[in-house]
Amino acid sequence: MHNKTIAQIARELAAGEYSSVEITQALLSRIEQLDPVYNSFITVTPEQALAQAKAADELRAAGQAGIWTGVPMAHKDIFCTNGVLTTCGSRMLGNFVAPYDATVVSNFNAAGAVCLGKTNLDEFAMGSSNESSFYGAVKNPWDLERVPGGSSGGSAAAVAARLVPGATATDTGGSIRQPAALCGITGIKPTYGRVSRWGMIAYASSLDQGGVMTRTSEDAAMMLNVMAGFDPKDSTCVDRAVPDYTATLNDSIEGLTIGLPKEYFSADLDPAMAQQVRAAVAEFEKMGAKVKEISLPNTHLAIPVYYVIAPSECSANLSRMDGVRFGHRVADPKDINDLYKRSRSEGFGAEVKRRIMVGTYALSAGFYDAYYLKAQQVRRLIKNDFVEAFKEVDVIMGPVTPTPAFRAGEKTSDPVSMYLEDIFTIALNLAGLPGMSIPCGTVNNLPVGLQLIGNYFEEGRLLNLGHKFQQATDWHQQAPAGLV
Amino acid sequence: MEWEVVIGLEIHAQLATKSKIFSGASTEFGADANTQACAIDLGLPGVLPVFNEEALRMAVKFGLAIDAEIGKRSVFDRKNYFYPDLPKGYQTTQLHHPIVGKGYIDIELDNGETKRINVTRAHLEEDAGKSVHEGFGAMSGIDLNRAGTPLVEIVSEPEMRSAKEAAAYFRKMHSIVTYLGICDGDLSQGSMRCDCNVSLRPKGQAEFGTRTEIKNVNSFRNVERAIESEIQRQMDILEDGGRIIQETRLYDADKNETRGMRSKEVANDYRYFPCPDLLPVIIDDDYIDAVRATLPELPDAKRKRFVEVHGLSSVDAGVLSANRELAAYFETVAETVNDYKLAANWVQGDVSATLNRLEISIAELAVSAEQLGRILQLIKDNTLNNGGAKEVFNALAEGKGDGSVACIDSLVDSMGLKQVSDTGAIEAIVAEVLAANAKLVEGYLATPEDKRAKAIGPFIGLVRKAAKGVNPQVVMDVLQKKLNELG
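Residues numbered from 1 in each chain as written. Chains lettered and ligands numbered in written order. Predicted model: local features only at pLDDT ≥ 70, side-chain atom pairs only at ≥ 80, totals over all residues. Heavy atoms only, no water.

By the naming in an unreviewed UniProt entry, chain B goes by Aspartyl/glutamyl-tRNA(Asn/Gln) amidotransferase subunit B and is assigned to Parathalassolituus penaei. Turning to chain B, the UniProt annotation filed under Sequence similarities (unreviewed entry) states: "Belongs to the GatB/GatE family. GatB subfamily." Chain B has a UniProt comment under Subunit (unreviewed entry) that states "Heterotrimer of A, B and C subunits." (UniProt positions renumbered as here; feature names shortened; annotations may be inferred.)

Chain A appears in an unreviewed UniProt entry as Glutamyl-tRNA(Gln) amidotransferase subunit A from Parathalassolituus penaei. According to UniProt, the comment filed for chain A under the heading Sequence similarities (unreviewed entry) is "Belongs to the amidase family. GatA subfamily." Quoted straight from UniProt, the Catalytic activity (unreviewed entry) entry for chain A says "L-glutamyl-tRNA(Gln) + L-glutamine + ATP + H2O = L-glutaminyl-tRNA(Gln) + L-glutamate + ADP + phosphate + H(+)".

Re the overall build of chain B
Within chain B one finds 17 helices and 15 strands. In summary, chain B has a C-alpha radius of gyration of 30 Å against a globular reference of 23 Å for 487 residues, an excess of more than 25%. Across its three principal directions, the C-alpha atoms of chain B cover 95 × 55 × 55 Å. Sorting the 487 residues of chain B into buried and exposed places 49% on the buried side. The long-range share in chain B, meaning contacts at least 24 apart out of those at least 6 apart in sequence, stands at 70%. (Helix = DSSP H or I, 4+ residues; strand = E, 2+ residues; numbered from the N terminus. Rg over C-alpha atoms; globule rule 2.2 N^0.38 Å. Buried < 20%, exposed > 50% of the residue type's maximum accessible area, 1.4 Å probe, protein only. Contact = heavy atoms within 4.5 Å.)

Details of the sheet that holds strand β14 (residues 273-274) of chain B
Residues and elements named next belong to chain B. Strand order in this open sheet of 3 strands is β4-β3-β14, and the pairing throughout is antiparallel. Among the strands making up the open sheet, the edge pair consists of β4 (90-93) and β14. Summarising the sheet, strand β3 (residues 77-80) and β14 pair through 2 bridges and their orientation is antiparallel. The partner of Arg 78 across the bridge, within β14, is Phe 273. (Pairing = 2+ DSSP bridges.)

Considerations on the domain arrangement of chain B
Put simply, an interface is often sized by how much accessible area is lost when its parts join up. Residue and element names in this part refer to chain B. Domain annotation for chain B reports domain 1 (13-190 + 265-287), domain 2 (297-414) and domain 3 (423-486). The gap between the C-alpha centroids of domain 1 and domain 2 is 36 Å. With 10 residues of domain 1 at the interface, the matching set in domain 2 holds 11 residues. In total, domain 1 and domain 2 occlude about 800 Å² of area from one another, counting both sides; carbon and sulfur atoms represent 55% of this. Linking domain 1 with domain 2 are 2 salt bridges. Glu 108 is paired through a salt bridge with Arg 303; the nearest N and O atoms lie 3.2 Å apart. (Domains from an automatic or database assignment. Buried area = accessible area lost by both parts, 1.4 Å probe. Salt bridge = Lys/Arg side-chain N within 4 Å of Asp/Glu carboxyl O.)

A short note on the pairing of strand β9 (residues 395-399) of chain A
Residues and elements named next belong to chain A. With respect to burial, β9 is a largely interior element, 5 of its 5 residues being buried. The sheet contact formed by strand β7 (residues 257-261) and β9 spans 2 bridges and is parallel. Following the sheet pairing, Gly 259 is matched in β9 by Ile 396. Strand direction decides the pairing type here: β9 and strand β11 (residues 446-454), joined by 5 bridges, are antiparallel. What sits directly across from Pro 399, in β11, is Leu 450.

Remarks on the UniProt feature "domain: Amidase" (unreviewed entry) in chain A
UniProt records the feature "domain: Amidase" (unreviewed entry) for residues 22-463 of chain A in the present numbering. End C-alpha to end C-alpha, residues 22-463 of chain A measures 30 Å, and it is 37% helix and 14% strand.

What about the side chain of Ser 219 of chain B?
With respect to the element layout, Ser 219 of chain B can be found in the loop between β11 (212-217) and α4 (220-239). Setting aside its immediate chain neighbours within four residues, Ser 219 of chain B contacts Phe 170 and Leu 187 of chain B.

Here we look at empty space enclosed by the protein
Residues and elements named next belong to chain B. For the structure on display, the rule yields 4 cavities of 30 Å³ or more. Size it by volume and the largest cavity reaches roughly 170 Å³. Lining the largest cavity are 17 residues, and of these Phe 22, Ile 40, Lys 88, Thr 92 and Glu 126 sit closest to its centre. Mapped onto the lining of the largest cavity, the elements with two or more residues apiece are α1 (39-42) and β4. The residue inventory of the lining of the largest cavity, partitioned by class, reads 9 nonpolar, 2 polar and 6 charged. If you add up the space inside the second largest cavity, you get close to 80 Å³. Here the residues of the lining of the second largest cavity are counted per class, giving 8 nonpolar, 2 polar and 2 charged. (1 Å grid on protein atoms, 1.4 Å probe; cavity = no way out; pocket = protein on both sides within 12 Å on 5 of 7 lines; lining within 4 Å. Points joined across faces, edges and corners; volume = space filled by probe spheres on them. Nonpolar A, V, L, I, M, F, W, Y, C, P; charged D, E, K, R; others polar.)

Here we look at a nonpolar patch on the surface
Residues and elements named next belong to chain A. The grouping of Tyr 361, Phe 367 and Tyr 371 at the surface amounts to a nonpolar patch, some 280 Å² of accessible area in total. You can see Tyr 371 is positioned in helix α12 (residues 369-389). What makes Tyr 371 partly exposed here is its relative accessible area of 33%. (Patch = residues over 30% accessible without salt bridge, like charges linked within 9 Å, V, L, I, M, F, W, Y side chains within 5 Å. Areas by Shrake-Rupley, 256 points an atom, 1.4 Å probe, with all protein chains shown as cover.)

Some details on the interface of chain A and chain B
In this assembly, 39 residues from chain A lie in contact with 30 residues from chain B. For the pair chain A and chain B, the summed buried surface comes to about 2,800 Å²; carbon and sulfur atoms form 60% of the total. Its largest share of buried area at the contact with chain B, chain A owes to Ser 235, Arg 320 and Arg 325 of chain A, together 22% of the area lost on that side. A salt bridge links Asp 277 of chain B to Arg 197 of chain A; the nearest nitrogen and oxygen atoms lie 3.0 Å apart. Our count for the chain A to chain B interface comes out at 15 residue pairs in polar contact (both at pLDDT 80 or more). For the side of chain A that touches chain B, the secondary structure elements donating two or more residues are α9 (302-317), α10 (336-347) and α11 (350-363) of chain A. Its residues assigned to classes, the side of chain A that touches chain B comprises 20 nonpolar, 11 polar and 8 charged. (Polar contact = N/O pair within 3.5 Å; in protein donor to acceptor, adjacent residues only side chain to side chain.)

With respect to the UniProt feature "active site" (unreviewed entry) in chain A
All names here are of chain A. Following the UniProt record, one finds the feature "active site" (unreviewed entry) at Lys 76, Ser 151 and Ser 175. The greatest C-alpha distance among the annotated residues, which extend across 100 residues, is 11.3 Å, indicating that they converge on a single site. For Ser 151, the location among the structural elements is in the loop between β3 (114-119) and α5 (153-160). Within the secondary structure, Ser 175 sits in the loop between β4 (166-171) and α6 (177-183).

Thoughts on the packing of aromatic side chains
Residue and element names in this part refer to chain A. If you walk through the whole model with that rule in mind, you get 26 aromatic pairs over all chains. Arranged with centres 4.8 Å apart and planes meeting at 75°, the rings of Tyr 306 and Tyr 307 form a pair that is edge-to-face. Counting every residue linked through ring pairs, the aromatic cluster contains Tyr 306, Tyr 307 and Tyr 419. Between Lys 411 and the ring centre of Phe 406, over which it is positioned, the NZ or CZ distance is 4.4 Å. (Phe/Tyr/Trp six-rings, centres within 6.5 Å; stacked < 30°, edge-to-face > 60°. Lys NZ or Arg CZ within 6 Å of the ring centre and 35° of its normal.)

Structural data, given as structure tokens:
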């Protein structure tokens, strides 16, 4: 039951091969059995899931089922779910039962999907290894000694381990694409503004974007069909029609121009990885695409710019976690300042504190111009690199990460080396562009991701390319040993 | 040494929108604690603000009313500080790109001159909640009903030179925002609050002295008193050769003094940055013109019209135009009777006295403007004399009548106030009075010609006593004629 794609489950439910309750039950059992190893879920919600599955089966019996009716999935524990614990991977929200649904969650509920639970993540989505979660590190199903990537490591590991066919995720600097690459699955971060951020707990508001993690491009298209769209509750959400992403999956790519940024094939990139990525690009050439080397000259500035802007925004976004109205509150506070200080000291982990402090510093009087303002100016240069590039090419391709999954603990004591993990992914968030990661090979039996970067609102094109590649290759069907 | 006082005001006016500036929760005052605070106002994880366009419209209206530059691209910023009644840990406000730029208003000084006070800027922001320190033992309660109420913060140039000028400026702003209908102006509910920046410098010195800021003063009278006491405090320090410390102070109205706030209550680095959850607000000339078309006649224009078109004195016009509701009342009366001066005398006389006596506002007065207009019509056509008119007015004010204009005429009848102007009838009464008071008549006739005008007074009183409601002018004419016939 477990090695099925969303498309397959939707077809088989429709054909009456099994019920939603049956597949839900099967996956819940699998989670119960295997997840103690991976730790990919923070909260599993069997009761709610079975109730949703039962309702879905009834809807189907009444002839009112849609494509998503009864299909199981999971939400990253950064999306608020009404009546369900929503921790964001932090001790701070260890007691926070959200009183409302995120728009993304409402959308899946309305479509009839069955939510199995809430997946693990780096605390407040800050991390690239899923080691900063208060609820324990997540293991990479390909090698339990290694990290699954982050921050959406729980969603990635759950999908790779076939605990769930698809999961929502978020990407602020690579948090969908990097774990997708490290776990050998498919992940897409849409254009900024394509998916509502209402109810998605903010890390860095101008960079955060909800997306999906699945095993195939087709499944990602199906999920994005549910998630994408204008939401009047999010002022940064774009009011623009959403195409049917599944309708263009098989479009021809004949004559398409692929840009390969020379900066993405630099010394930072493991040569074995580079070889896999180039081989994948060659696959597209076989299908009629043309390849052109391009330059994104400000690539090297993306990480420093990100580590000014994201911490600055997070330093304000996390101020509401003050122990006053919800969340962790220290015992016996002496006064209000003591309440703030100790609640926050206890509630936040080291990486979160580090970013709050960096951001607070960058915004301080006398430093604002040199850091925040300068970073915003450079951000524009980075965006312009892409705007220029897309005048010449239709899509940009490159690696997702410099190396395959690294060992747990390897980078925890060196934050900067951890930050460099996102060297190829972060620029997209700064530019607001859509990006996707698909499995395109292995190095030392660890998955390698191919990054596809599209122009604004070209998610359909990326999914089309991903699908064509997955029709021609079987990298996406490879699974960690013993899991299929 | 002679000192010059330098004052600048920051006025916070709550905008009269139905819902909050970034959420759909109601802004109504006085509800049970925390019943008008939604997830956005509570700052729950994951919530996002959506800007209320009505607040924008009102702010633009204000900007146009003070002849200000309107920000075609305004930007919301986050002002970061921790306080329990600030749910998000930052206030959303506008720092570098406010909705309203440089403007001005004119205030009237005691000597009758007008002084222009420039407004630096006015920006939109959200109000905080309230901390409640009573009834929770050693703890404090938080009421977030007010959190997210839209405010426009109006910042003046430091151009006021006395506490009186500052109070006049505050009054004028109050008058403008209530005329515009963008603020209910209820000072007791905190709808308008004022921070006063005060400094002193030796007369003739160009540089400003060190200033202090008196926070949250909420009445016209207290603005004047708070500033007066702060001027005195600073002057005492400076005269003694001391230094003023730049600080935030609170005014204690009971003791009539300002005191420094504890340093803990003063945050110093707000780490402003543009709010990434809100897009810049872009408006064009069409939008501005559409708002301009909704501007009512403002107090200055009204005052000017009262003087130039209707011949009122500048002082009367000032009083009658300052308050929107009073001005509307006055104009209805004046239009009904078609006599602005008579209406002005009544509104500033009996109407104001009645409002003061009953401690009510013009909206609560039982005498409608149409009714008073009718009463004044009856004075003008000699149906009522002044005393009778007052009696009718007072009767209405005490709740007599049915609220209609028609009831005036029946009240005049039933109260027997109709004035007797019939000369024949009056001659008969006068004859009776003269016959009954022979000694007085003798005395009058013995009075030299040039003093008789005064000596006629007692006869008038006697006639009016004998017959209520006689027209005094007719009485005078008849008396003079009869007495002159006698000698």
